[in-house]
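Structure assessment
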Amino acid sequence: METVNKVIFVVYDGLGDRPIKEFGYKTPLEAANTPNFDAIAKKSLCGLSNALGRGVRPGSDVSHLAIFGYPMDKYYTGRGPIEVAGLGIKLQQGDVAFRGNFGTVDADWNIIDRRAGRIRVVDEFAAALDGMEIDGIKIIVKPGTAHRAGVVFRGPGLSANISDADPHEEGKPVLEVKPKDDTKEAAFTAQLLNKFMRRAYEVLDKLEANAKRRADGQLAANFLLLRGAGMYPTMPTFEEKYGLKAACIAGGGLYKGIGAFLGMDLIHVEGATALPDSNVRNKFVAAKKALEKYDFVFTHVKATDSLAEDGNFEGKKQFIEKCDAAMAEFLDLPDDVLLVVTADHSTACELHAHTADPVPILFCSPHVRIDDVQEFGERAFVRGGLGRMEGKDVMPTVLNVMGRLHLIGA
């Protein structure tokens with residue numbers, strides 16, 4: 001029998017959820033019609049996973065790093081460097097990187113909307129700020145997916161040890177950035193970021209594109225909310241760590257950034273938007289095609305998370321059904337391909353937020369000990385043969401199926 005030598009690794013962002021009254025107290029995943037997910041679960045080894053451990057509410061960045069075997073206490077310096085890596089910005093020694101949202105504020109900088117009405121394209125707004133210089137520091141601003149952007153401060157004497165400007169909540173004022181230590185570098189960087197926000201607001205608020213948005217009854221993208229300051233750490237690539245040549249297929253900037261951060265090649269897929277209209281089937285077709293060149297293909301699907309953050313449980317259910325149709329691409333993979341399907345975290349529609357609830361995970365291959373699970377869902381997977389896992393267990397399980405684990409002892 002042929003052994004496993006290829007992996008398709010699918011992460012559905014925020015897939016897990018909590019029971020919804022309107023669904024008869026089923027989760028969106030349990031309420032959805034998912035014949036293909038169920039068919040795959042029936043021939044898999046299944047279980048539940050918490051990326052960072054039980055009782056820990058994870059962000060998408062650190063949960064992905066944990067799943068891929070890069071613990072946050074060793075490798076995580078902030079989400080900024082990951083975001084900008086996904087935008088193709090090459091960081092240099094001493095750079096400080098941030099992630100940001102183009103949002104809407106009033107004249108007193110109270111936040112009206114953190115995403116400027118979920119604006120879809122921000123290229124013009126980012127271009128208006130890109131290349132700005134303040135106190136000898138060059139500022140790079142590049143557009144991300146939808147309302148998002150990546151920002152890099154480049155120059156001497158910088159520090160990432162500063163607070164965020166984004167309070168993460170509408171109705172609250174933008175926060176003054178402060179140093180987190182007593183160094184002159186942290187004080188200088190905090191002061192620099194406060195100056196940049198002031199100047200960026202002055203530029204954006206007067207931009208012709210925002211005048212047009214206001215005239216059309218839309219929210220102005222007149223502020224850039226920055227958070228997640230970090231410097232790029234020295235770390236092994238995914239291939240160096242596991243001996244697997246890897247690629248990443250994603251629509252969202254953060255997830256492209258995860259791939260680039262770990263040294264994976266990024267594969268562009270037509271129609272991969274990271275939004276509910278994303279062409280999920282195209283991603284899965286591309287993932288299978290990529291196995292001709294790569295050993296490991298990380299494929300990310302975003303909208304399960306963003307719909308839940310909007311409280312749109314019906315939209316999340318419908319999007320899961322759309323994904324199920326695309327999962328037909330994985331029903332008859334070759335015996336040498338391991339399919340892993342999981343989520344980075346749960347996102348509860350009732351809370352509009354990430355939670356510490358465990359998520360489904362399965363390993364589909366003729367080479368695993370298939371269990372008795374008959375359907376794909378949070379509660380169904382309680383009965384799975386994997387039991388409960390943490391993120392740190394995932395890649396060792398992949399390597400075990402592939403026969404690549406190192407022997408411990410004699």
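These lines cover the structure that appears in this document, whether it is placed above or below. (Residues numbered from 1 in each chain as written. Predicted model: local features only at pLDDT ≥ 70, side-chain atom pairs only at ≥ 80, totals over all residues. Heavy atoms only, no water.)

Comments concerning the sheet that holds strand β11 (residues 296-301)
Taken together, the 8 strands give an open sheet; going across it, the order is β10-β9-β11-β1-β12-β15-β2-β16, and neighbouring strands pair in mixed fashion. Looking along the sheet, the strands with just one partner apiece sit at the ends: β10 (265-266) and β16 (387-390). The pairing of strand β2 (residues 44-50) with β16 spans 4 bridges and is parallel. Within the sheet, the bridge partner assigned to Ser49 lies in β16 and is Met389. Strand contacts of helix α11 (residues 280-290): β1 (6-12), β9 (246-249) and β11, with the helix running at about 175° to β11, the strand carrying the most contacts. (Pairing = 2+ DSSP bridges. Helix = DSSP H or I, 4+ residues; strand = E, 2+ residues; numbered from the N terminus. Contact = heavy atoms within 4.5 Å. Axes fitted to C-alpha atoms, helices over the stretch in contact; angles between N-to-C directions.)

Re helix α10 (residues 253-261)
Most of α10 sits out of view: 7 of its 9 residues are buried. Of all the positions in α10, only Gly253, Leu254, Tyr255, Gly257, Ile258, Gly259 and Phe261 are classed as buried. Phi turns positive one or two residues past the end of α10, at Gly263, with a value near 80°. (Buried < 20%, exposed > 50% of the residue type's maximum accessible area, 1.4 Å probe, protein only.)

Side note on the environment of Arg227
Topologically, Arg227 is positioned in strand β8 (residues 223-230). Under the relative-accessibility criterion, Arg227 is labelled buried at 5%. On a C-alpha basis, the gap between Arg227 and Gly409 in space is 46 Å, while along the polypeptide they are 182 residues apart. Ignoring any residue separated from it by four or fewer positions in sequence, one finds Arg227 in contact with Phe98, Arg99, Gly100, Asn101, Arg114, Asp164, Asp166 and His168. In this structure the side chain of Arg227 is engaged in a polar contact, spanning 3.2 Å, whose partner is the side chain of Asn101. At 3.2 Å, the side chain of Arg227 forms a polar contact with the side chain of Asp166. (Polar contact = N/O pair within 3.5 Å; in protein donor to acceptor, adjacent residues only side chain to side chain.)

As for the pairing of strand β15 (residues 359-364)
Of all 6 residues that make up β15, 6 are buried, and the element is covered over most of its length. In β15, alternate side chains face the same way, and those of Val359, Ile361 and Phe363 on one face and Pro360, Leu362 and Cys364 on the other are all buried. Bridge analysis of β2 against β15 gives 6 bridges, and the strand direction is antiparallel. Bridge pairing in β15 links Cys46 to Leu362. Across 4 bridges, strand β12 (residues 337-342) lies against β15 in antiparallel orientation. Among the inter-strand pairings, Thr342 is bridged to a residue of β15, identified as Ile361.

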